[in-house]
Amino acid sequence: KASLGDTQKWAKGKLFVAAGLSIMDMVTDVTMVFEYARENQWGYAWATLGSLLFNLCFQSIITFFQNRTKRKRRQLKEQLYVWTFIKSGVDAFRLASGSEQEEGHIMDPQAEFTGGKVAELIAEAVPGTIIQIAAILKAGLKASNTALFSLAFCILTAAFTSAVLSWDWDMSKERRKELPSFYGYVPRDAIGKIKVFLSLYCLSLFNLFVRAFACVLFVFEGGIAKVGMLFGGELLVYFMIKAIRRDLSYKLPVYGVAGVFVSFMMRWVIKVTADWTAVVQFRHPNEVGGAYFSFSLLLTAAIGLYAALSYTLDNNKANVGMENIANLTISTADATSVGDTEQGNRDLNETTVVLAMIGGCIGMAVSYSALLFSMNSNYVHTFFDWKTSKEDTVAKFTDQDDDELKFGVLTCNENKWKKKIGVEFRVWLNERLPVWLDEEPDWFTPQKMSLISDDLIDDPEILVRVRTGNVVEMQRRRSSLGVMMVVVST
């Protein structure tokens, strides 16, 4: 069963290229750790190593929650994939081969692949870009070719990863069937597809450059405190908006303390990833939403221009915060080595800074405009939509006629739908369960049955059939058939 809607060789090829680039990116990070250490730039070395470990730990947490109901051996095997750098390749293989969501998993293969990529973007690509830009600016003309290659590879890989994630979610046949009002912006013709993919790629590339460059300039001016206040304030405003709209909890069906932890982690992770790498998929109502996604792009351009202009007006402070650069990702990093290079290499030409930032912002504007004009026009509104996660989840049930799609509500956190349509859903479910158990449609698998909680089923006999995977009924049918055969033979 194909998981992607475009040409299979191209579809699978993108997944493996993205996985291969991710693995190579981690290898280049390790290379830069040794390079910084060799040059006695221990602050940058520890910061780069820290971002790499942060990425691996993040992926390890995702893997733990995904496989928490599995046997210890399976859990250890999945963790081994993470710590040997091959998890991205394993996830790509599972997605490309059409693997189904396993019983006990909280994510399907595509969502798991996306989770791993998001971990790489937020924990490694973003801090890695900041660290390497800072190191290169500090070194000036003395920057090594290895450092320049590593920075370029980091940004280009992050942009490709972002574009592939958005592309594959939209091109998925299952997603287009499940939510045709949101998925389908990529046109069917080849030229249109090329335009959209290049727009996605360039939008992410310029967005990451502008944010990272602005972050470095802010550290030059006022140290980490200024960066923390600016971006921390931005995150706080986002959480306040989510709270006011009663949309803080995340869609995954995880509850209690674990649910609060997962919701908090997913909210800030998705928000930061969307802000820094412009993953268009995250305009979904379950994530940051279309209106906030577009606002974030505008805010990125404003932050970039403000950082450049502020730097030119206050250039005499450019050297003050340099020793703080290496601590941007890890506050305990040894930053004393950052000041070893001559002061002259720290000064940036104001004109160069402004032109580079303006170029990045223009690149963002052109890329985003090209994307909006290249896509199917029926989906432009999804980039400015105010719909909440709760409203989207309820619509899955109320706006659909297909049983499989309506049943999909159970894959979401019940806080998103139970208060609004809980009674209606329960009545519908109890009406349809006997039909599904008798007719056994392909989609009604044991994994789907496991999503139904006992309190939703009114009939005890139906509950037994659901919990036994309909085995009891099948045995009864075989027994009845055997009796009939005996009667006929006699």
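That block above? That's the structure.
From a predicted model like this one, the values you see are computed outputs, not experimental measurements. (Residues numbered from 1 in each chain as written. Predicted model: local features only at pLDDT ≥ 70, side-chain atom pairs only at ≥ 80, totals over all residues. Heavy atoms only, no water.)

A.B. asks: Quick question: what am I supposed to make of the overall build of the chain here?
C.D. replies: Helices and strands together make up the secondary structure of the chain, namely 17 helices and 0 strands. Among the 490 residues that make up the chain, the fraction classed as buried is 54%. Put simply, of all contacts in the chain between residues at least 6 apart along the chain, 74% involve residues at least 24 apart. (Helix = DSSP H or I, 4+ residues; strand = E, 2+ residues; numbered from the N terminus. Buried < 20%, exposed > 50% of the residue type's maximum accessible area, 1.4 Å probe, protein only. Contact = heavy atoms within 4.5 Å.)

A.B. asks: How should the pattern of salt bridges be read in this particular structure?
C.D. replies: Opposite charge on two side chains permits them to pair, given that their charged atoms come into close proximity. Within the structure shown, the criterion is met by 26 salt bridges. Measuring nitrogen to oxygen at the nearest pair gives 3.1 Å for the salt bridge that ties Glu 178 to Lys 396. With Glu 178 in helix α7 (residues 173-178) and Lys 396 in helix α12 (residues 389-398), this pair connects stretches of sequence that are 218 residues apart. Since its relative accessible area comes to 23%, Glu 178 is described here as partly exposed. By relative accessible area, which is 14% here, Lys 396 ends up buried. Residue Asp 454 pairs with Arg 467 through a salt bridge whose shortest N-O separation is 2.7 Å. Of this pair, Asp 454 sits in the loop between α15 (446-449) and α16 (460-467) while Arg 467 is found in helix α16, placing the two residues 13 residues apart along the sequence. Residue Asp 454 is classed as partly exposed on the basis of its relative accessible area, which comes to 43%. Looking at Arg 467, the relative accessible area reads 39%, which means it is partly exposed. Here the salt bridges do not stand alone but share partners, grouping Lys 70, Arg 74, Glu 78, Lys 87, Asp 91, Arg 94, Glu 102 and Glu 112 into one network. (Salt bridge = Lys/Arg side-chain N within 4 Å of Asp/Glu carboxyl O.)

A.B. asks: When you look at a nonpolar patch on the surface in this model, what are you seeing that I'm missing?
C.D. replies: On the surface, a nonpolar cluster with roughly 330 Å² of combined accessible area is contributed by Leu 305, Ile 358, Ile 362 and Val 366. Take the nonpolar patch: its biggest share by element is 3 residues, from helix α11 (residues 350-374). By the secondary structure assignment, Val 366 is in helix α11. Judged by relative accessible area, Val 366 falls into the exposed class, the value being 53%. (Patch = residues over 30% accessible without salt bridge, like charges linked within 9 Å, V, L, I, M, F, W, Y side chains within 5 Å. Areas by Shrake-Rupley, 256 points an atom, 1.4 Å probe, with all protein chains shown as cover.)

A.B. asks: Whenever I open this one, helix α8 (residues 190-244) confuses me. Can you help?
C.D. replies: Its 55 residues place the ends of α8 only 43 Å apart at the C-alpha level, less than the 81 Å of an ideal helix rising 1.5 Å per residue. Of all the bends in α8, the largest measures some 125 degrees and sits at Gly 222. Just past α8, the residue Arg 246 takes up positive phi, approximately 55 degrees. (Expected span 1.5 Å × (residues − 1). Bend = angle between axes of the 7 residues up to and from the residue.)

A.B. asks: Would you mind showing me how to read the environment of Asp 458 here?
C.D. replies: Along the chain, Asp 458 turns up in the loop between α15 and α16. Through-space distance from the C-alpha of Asp 458 to that of Arg 426 is 9.0 Å; in sequence the pair is 32 residues apart. Beyond its immediate sequence surroundings of up to four residues, Asp 458 is in contact with Arg 426 and Asn 430. Only 2.8 Å separates the side chain of Asp 458 from the side chain of Arg 426, close enough to count as a polar contact. (Polar contact = N/O pair within 3.5 Å; in protein donor to acceptor, adjacent residues only side chain to side chain.)

A.B. asks: Any chance you could explain the packing of α8 against α11 here in plain terms?
C.D. replies: The relative placement of two packed helices comes down to the angle between their axes together with the axis-to-axis distance. It is the contact of α8 with α11, at a shortest axis distance of 8 Å, that shows an interaxial angle of 150 degrees. One way to sum up the angle between α8 and α11 is to call them roughly antiparallel. Here the hand of the crossing between α8 and α11 comes out left-handed. By residue class, the composition of the contact of α8 with α11 is 18 nonpolar, 7 polar and 1 charged. (Axes fitted to C-alpha atoms, helices over the stretch in contact; angles between N-to-C directions. Parallel < 35°, antiparallel > 145°, perpendicular 65-115°, else oblique. Left-handed = near helix turned anticlockwise from the far one by under 90°. Nonpolar A, V, L, I, M, F, W, Y, C, P; charged D, E, K, R; others polar.)

A.B. asks: Explain the packing of α8 against helix α10 (residues 290-313) here, please?
C.D. replies: Viewed as axis vectors pointing N to C, α8 and α10 meet at an angle of 125 degrees, and their least axial separation amounts to 9 Å. In terms of orientation, α8 lies oblique with respect to α10. As for how α8 packs across α10, the hand of that crossing is right-handed. Looking at the contact of α8 with α10, its residues break down into 18 nonpolar, 5 polar and 4 charged.

A.B. asks: Sorry, what's going on with the nonpolar core here?
C.D. replies: Taken as a class, soluble globular proteins show a tendency for nonpolar side chains to be buried jointly. Ranked by internal contacts, the top residues of the largest apolar core, which has 103 residues, are Trp 276 and Leu 371. Ranked by the residues each element gives to this core, the list is headed by α8, at 21 residues. Once you skip the residues sitting within four places of it in the chain, Leu 371 turns out to touch Val 196, Ser 199, Leu 200, Leu 203, Val 280 and Phe 383. Counting residues in hydrophobic clusters, the runner-up holds 21 residues, among them Phe 397, Leu 410, Ile 421 and Ile 452. (Core = buried A, V, L, I, M, F, W, Y, C linked by side-chain atoms within 4.5 Å.)

A.B. asks: In this structure, what is going on with the packing of aromatic side chains? I would like to understand it.
C.D. replies: What describes a pair of aromatic rings is the distance from one ring centre to the other and the angle between the planes of the rings. Following the criterion strictly, the structure yields 29 aromatic pairs and no others. Seen from their ring centres, Phe 182 and Tyr 183 are 4.9 Å apart, and the 85 degrees between their planes marks the pair as edge-to-face. Among the residues examined, Tyr 183 registers a relative accessible area of 6% and is labelled buried. Here the aromatic rings of Tyr 185 and Phe 383 are separated by 6.3 Å at their centres, their planes lie at 80 degrees, and the arrangement is edge-to-face. Pair noted here: Tyr 185 is in the loop between α7 and α8 and Phe 383 is in the loop between α11 and α12, with a separation of 198 residues, a long-range link. (Phe/Tyr/Trp six-rings, centres within 6.5 Å; stacked < 30°, edge-to-face > 60°.)

A.B. asks: Would you mind showing me how to read the environment of Gly 363 here?
C.D. replies: Along the chain, Gly 363 turns up in helix α11. Distance from Gly 363 to Leu 205, taken between C-alpha atoms, is 8.9 Å for residues 158 residues apart in sequence.

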